[in-house]
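Overview (structure and organization)
Given next are the chains, with one letter for each unit.
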Amino acid sequence: MNATIDRLRYRSQLRQPASERHEDSHPLTWRLREDNESIDLAEYQRKNGYVGTQRALTEHSASEVIDIVKEANVRGRGGAGFPAGVKWSLTLQGEDIPRGYLVCNADEMEPGTFKDRMLLEQQPHLLIEGMIIGAYANNSRFGYIFLRDEYRAAAVSITRALNEAREAGWLGKNIAGSGFDFDIALHTGAGRYICGEETALLNSLEGHRANPRDKPPFPGQSGAWGKPTVVNNVETLCNVPGVLQHGADWYQQLSGGRSDDGGTKLYGVSGQVERTGLWELPIGTTGEELMALAGGMQSGHELKAWLPGGGSTGLLLPEHLELPLDFDSIGKAGSRLGTGLLTVISRQQSIVALLRNLEQFFARESCGWCTPCREGLPWTVKVLQALERGEGEPEDIELLQQLGKGLGPGQTFCAHAPGASMPLTSALKYFRDEFEAGVARPHTAVEEA
Amino acid sequence: MSTEQTVNTIASDRFELERADREAMQQECEHFEQPQAACIEALKIVQRRYGWVPDDAIPAVAEALGLPPANVEGVATFYSLIFRQPVGRHVILLCDSSSCFLNDYDTLRAAFEEKLGIGYGQTTEDGRFTLLPVCCLGACDRGPALMIDDDTFGPVRPEDIDELLETYS
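The following refers to the structure shown. All residue numbers refer to position in the chain's written sequence, counted from 1. Labels follow written order: the first chain is A, the first ligand is 1, and so on. Confidence filtering applies because this is a predicted model: local features only for residues at pLDDT of at least 70, side-chain atom pairs given and counted only at 80 or more, and all residues used for totals across whole chains, interfaces and linings. With hydrogens and water excluded, all non-hydrogen atoms of the structure serve as input to the side-chain values.

**Examining the overall build of chain B**
- Each helix is a run of H or I in the DSSP string that is no shorter than four residues. Each strand is a run of E no shorter than two, and both are numbered from the N terminus. A tally of regular secondary structure across chain B gives 7 helices and 4 strands.
- N-terminal to C-terminal, the α/β element order of chain B is α-α-α-α-β-α-α-β-β-β-α.
- Across its three principal axes, chain B shows a C-alpha extent of roughly 55 × 35 × 25 Å.
- In this description, contact between two residues means that some pair of their heavy atoms is separated by no more than 4.5 Å. The long-range fraction of contacts in chain B, counting pairs at least 24 apart against all pairs at least 6 apart in sequence, stands at 63%.
- Residue-level accessible areas treat just the shown protein chains as cover; the underlying method is Shrake-Rupley with a 1.4 Å probe. Surface accessibility of chain B: about 7400 Å² in total, with carbon and sulfur atoms responsible for 43%.
- When charges are tallied, Lys and Arg are placed among the positive residues and Asp and Glu among the negative ones, while His and the ends of the chain are skipped. By convention, the charge on Lys lies at NZ, on Arg at CZ, on Asp at CG and on Glu at CD. Separation of charge centres in chain B, based on 13 positive and 30 negative side chains, amounts to 2 Å.

See below:
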């Protein structure tokens, strides 16, 4: 193993040192080790692990667990912000209804997002706890962790943790003497961003092409193999054990009045800042506060724009950094919080080139199921490429506007194309002049040559 | 699940699954309500052994799982990490998503292409490396990032390439 390899090897890492993380304020990260190694069962239990699970399964009914999660208002951390407790309350349950599945969406591929990777690699037992509690609340008979294939270190960490949990009786029959049976299998994917869309994920889990499914029925009514199925993001599930351990009020106050939402959030920054990285902070922390932690822009760079939570969120301007980074505030500003990991863009960066890169990604990753997405995205790329070369047509700006609308919400089966349209329409709104500069000025250049 | 329930399967006499692989595929079925769900893992089992999934493996996998070959073919052509042509001994996946793009991905890609003398989707003449793009690797805090086989690296600069590749013979 040469020194270069060692220096370059990627390790998921939280920026906050242990001295700044506490049990009562940093539920997602206070247990993390300074050496970034995966926490085994013994250490996890020493650090009050599985207390939330024990409490949920032995002191509460399933519907009480749902009520507590509802009261805490845990909002989905995969990007949509849908309240997890409400989602759970919509799962079909009853004597005549077969027990279904709880699926953890660990298919993190949103451009600019590297938060679930850290949780999966370093703290798999927190996720397993969240899944046990979720399964108990939703009467799920079995769970799957749908992990993207590239997360090899996470697969090792999860596999070990599942074995430990099974051996210790946290998975299997009669968990913690509660009479509840549940187990989890790890399913690794084989590429394709679209697998992160929850119904495409279910098709992939069933071994099909990952095309999305029509809704309704929603997965809670008819999901994997037609059974009631809950799909939750990694970070969402990792929020649940703390809620059951400390209660809904505790969870609510974690945001310290910065937001109507409760809890903390894994925030991150990548792009042209001094210190890229990941932090656990109260939800509602402002963009300015986060940028300060990231040390501001690199020298020689000035902030031009930022994506609040991945490639499928709309661009925002420097002035928007004063907003709380929560679902409602960023939504009102015309974008989406998404995954909450900022991509920071320098003045020196051409917006047209960045959009070309983003739309190439969405075009390549379209599953091809419905027309606006299959046809519209490659068309968008073609137009952007022409503008980037300075060979655009005068009508291209209007064409991009129309494409943005045609790819938008309500036009397609799933959220893939609307996700692609968000950065496009926001870029046209804020940086129209850059697109206009890509329109070819006919004749003059040619004549001079 | 029984392998007797084969429907529409046309076994190929040009390809036979290793017994251990066949058993691993059938064991994978135990996790799911339907054998179709083991399809992706079954293709990955073939790929782990041969490096890629040859056409003739499709009916063999279908037969092992009791599925129509068209179902297996449909899956095998959808997923980007199922390789349908031979690849090199080591596969390099360059992250081409936004954060890496902002961190000089274009330069890194050009350096790899020049160093290896190949473009995306191609394999070096000595059969050592295949170069492919990949979706955001979730290593954006250290872009530009890439994977070689099971390992993830970042940030990788053009001057690191020689030493990085040395380890993969």
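**Some words on helix α6 (residues 105–116) of chain B**
Residue and element names in this part refer to chain B.
- When the terminal C-alpha atoms of α6 are compared, their 16 Å separation across 12 residues agrees well with the 16 Å that a helix rising 1.5 Å per residue should span.
- Exposure classes here rest on a 1.4 Å probe applied to the protein chains alone. A residue is buried below 20% of its type maximum, exposed above 50%, and partly exposed in between. Of all the residues in α6, the buried ones are Tyr 105, Leu 108, Ala 111, Phe 112 and Leu 116. The buried residues of α6 occupy an angular sector of 125° when the element is viewed end-on, so they sit on one face.
- Following α6 by one or two positions, Gly 117 adopts a phi angle in the positive range, close to 70°. Expected span of a helix: the number of residues minus one, times 1.5 Å. The directions from the helix axis to the C-beta atoms are what the arc is built from.

**So, the interface of chain A and chain B**
- Between chain A and chain B, the residue contacts involve 62 residues of the former and 50 residues of the latter.
- A combined buried area of about 4700 Å² lies between chain A and chain B, and 53% of that area is made up of carbon and sulfur atoms.
- A pair is scored as a salt bridge if a Lys or Arg side-chain nitrogen falls within 4 Å of a carboxyl oxygen belonging to Asp or Glu. The interface formed by chain A and chain B includes 6 salt bridges.
- Glu 33 of chain B serves as the salt-bridge partner of Lys 227 of chain A, at 2.9 Å between the closest nitrogen and oxygen.
- Sorting the residues of the side of chain A that touches chain B by element identifies α1 (3–8), β2 (140–147), β3 (183–188), α9 (198–205), β5 (264–271), β8 (341–346) and α14 (351–365) of chain A as the ones contributing at least two each.
- For the side of chain A that touches chain B, the element with the highest residue contribution is α14 of chain A, accounting for 8 residues. Buried area counts how much accessible surface, traced with a 1.4 Å probe, disappears from two parts once they are put together, with both parts' losses summed.

**Description of the environment of Glu 388 of chain A**
Residue and element names in this part refer to chain A.
- As for its position among the elements, Glu 388 is in helix α15 (residues 371–388).
- When the C-alpha atoms of Glu 388 and Gly 408 are compared, they prove to be 23 Å apart, with 20 residues separating the residues in sequence.
- When neighbours within four sequence positions are excluded, Glu 388 is seen to be in contact with Val 352, Ala 353 and Arg 356.

**Some remarks on the nonpolar core**
- In terms of nonpolar packing, the biggest core is built from 123 residues, with Phe 435 of chain A together with Phe 112 of chain B touching the most fellow members.
- Each residue touching Phe 435 of chain A, except ones within four places of it in the same chain, is listed here: Ile 351, Val 352, Leu 355, Leu 384, Leu 387, Ile 397, Leu 400, Ala 427 and Leu 428 of chain A.
- Ranked by size, the runner-up nonpolar core spans 47 residues in total, among them Ala 200 and Trp 225 of chain A together with Cys 29 and Ile 82 of chain B. The set of buried Ala, Val, Leu, Ile, Met, Phe, Trp, Tyr and Cys residues whose side-chain atoms join them within 4.5 Å is what this entry labels a nonpolar core.

**A word on unusual backbone geometry**
- The residue after Gly 143 of chain B, namely Pro 144 of chain B, is reached through a cis peptide bond having omega 5°.
- Among the secondary structure elements, Pro 144 of chain B is positioned in the loop between β2 (129–134) and β3 (146–148).
- Cis peptide bonds are those with omega within 30 degrees of zero, and the linkage from Gly 154 of chain B to Pro 155 of chain B qualifies with -10°.
- Checked against the element boundaries, Pro 155 of chain B lands in the loop between β4 (151–153) and α7 (161–166).
- In this structure, Tyr 50 of chain A takes a positive phi of about 65° despite not being glycine.
- Along the chain, Tyr 50 of chain A falls in the loop between α2 (41–46) and α3 (51–59).
- The class of Tyr 50 of chain A is buried, set by a relative accessible area of 1%.
- One non-glycine residue with positive phi stands out, namely Asn 139 of chain A, at about 55°.
- Tracing the chain through its elements places Asn 139 of chain A in the loop between α7 (124–138) and β2.
- Residue classification places Asn 139 of chain A among the partly exposed positions, given a relative accessible area of 27%.

**What to know about the packing of helix α1 (residues 19–28) of chain B against helix α2 (residues 39–50) of chain B**
All names here are of chain B.
- Every axis in this analysis is a line fitted to C-alpha atoms, fitted for helices over the stretch in contact. Angles between the N-to-C directions lie between 0 and 180 degrees. Between α1 and α2, the least distance of the axes is 9 Å, while the angle of their chain directions is 155°. Taken as axis vectors, α1 and α2 run roughly antiparallel relative to one another. Along this stretch, α1 crosses α2, giving a crossing that reads as right-handed. On α2, the residues that touch Ala 20, Asp 21, Ala 24, Met 25 and Glu 28 of α1 are Glu 41, Ala 42, Ile 45, Val 46 and Arg 49. Note that the term roughly parallel is reserved for angles under 35 degrees, roughly antiparallel for angles over 145, roughly perpendicular for angles of 65 to 115, and oblique for everything else. It is the rotation of the near helix from the far one that decides the hand of a crossing: anticlockwise by less than a right angle makes it left-handed, clockwise makes it right-handed.

**Comments concerning the packing of aromatic side chains**
- When the centres of two rings from Phe, Tyr and Trp lie within 6.5 Å, Trp using its six-membered ring, the rings pair. Their planes under 30 degrees apart give stacked, over 60 give edge-to-face, and anything left gives tilted. Summed over the entire model, instances satisfying the criterion amount to 18 aromatic pairs over all chains.
- Considering the side-chain rings of Tyr 144 of chain A and Trp 225 of chain A, the 6.1 Å spacing of their centres and the 55° angle between planes classify their relative orientation as tilted. Pair noted here: Tyr 144 of chain A is in strand β2 and Trp 225 of chain A is in the loop between α9 and β4 (229–233), with a separation of 81 residues, a long-range link.
- For Tyr 144 of chain A, a relative accessible area of 1% corresponds to the buried category.
- Site record: aromatic cluster; members linked through ring pairs are Tyr 101, Phe 142, Tyr 144 and Trp 225 of chain A together with Phe 32 of chain B.
- Taking the ring centre of Phe 78 of chain B as reference, the NZ or CZ of Arg 192 of chain A above it sits at 4.3 Å. Counted as over-ring charges are cases with an Arg CZ or a Lys NZ within 6 Å of the ring centre that also lie within 35 degrees of the ring normal.

**A few points about the sheet that holds β8 of chain A**
All names here are of chain A.
- The criterion for strand pairing is that DSSP finds at least two bridges linking the strands in question. Taking strand neighbours across the sheet as the criterion, the 4 strands line up as β6-β5-β8-β7 in an open arrangement whose pairing is mixed. The two strands at the open ends of the sheet, each matched to only one other strand, are β6 (277–282) and β7 (303–307). Shown here is a sheet whose adjacent strand axes are inclined to one another by a mean of 30°, direction ignored.
- As paired strands, β7 and β8 are joined by 4 bridges and run antiparallel to one another. Pairing of Trp 306 across the sheet is with Val 344, part of β8.

**Quick notes on the pattern of salt bridges**
Residues and elements named next belong to chain A.
- In this structure the tally under the stated criterion is 41 salt bridges over all chains.
- With a closest N to O distance of 3.0 Å, Arg 389 and Glu 391 form a salt bridge.
- Since its relative accessible area comes to 46%, Glu 391 is described here as partly exposed.
- Put simply, Arg 33, Asp 35, Glu 43 and Lys 47 are held in one network by salt bridges that share partners.

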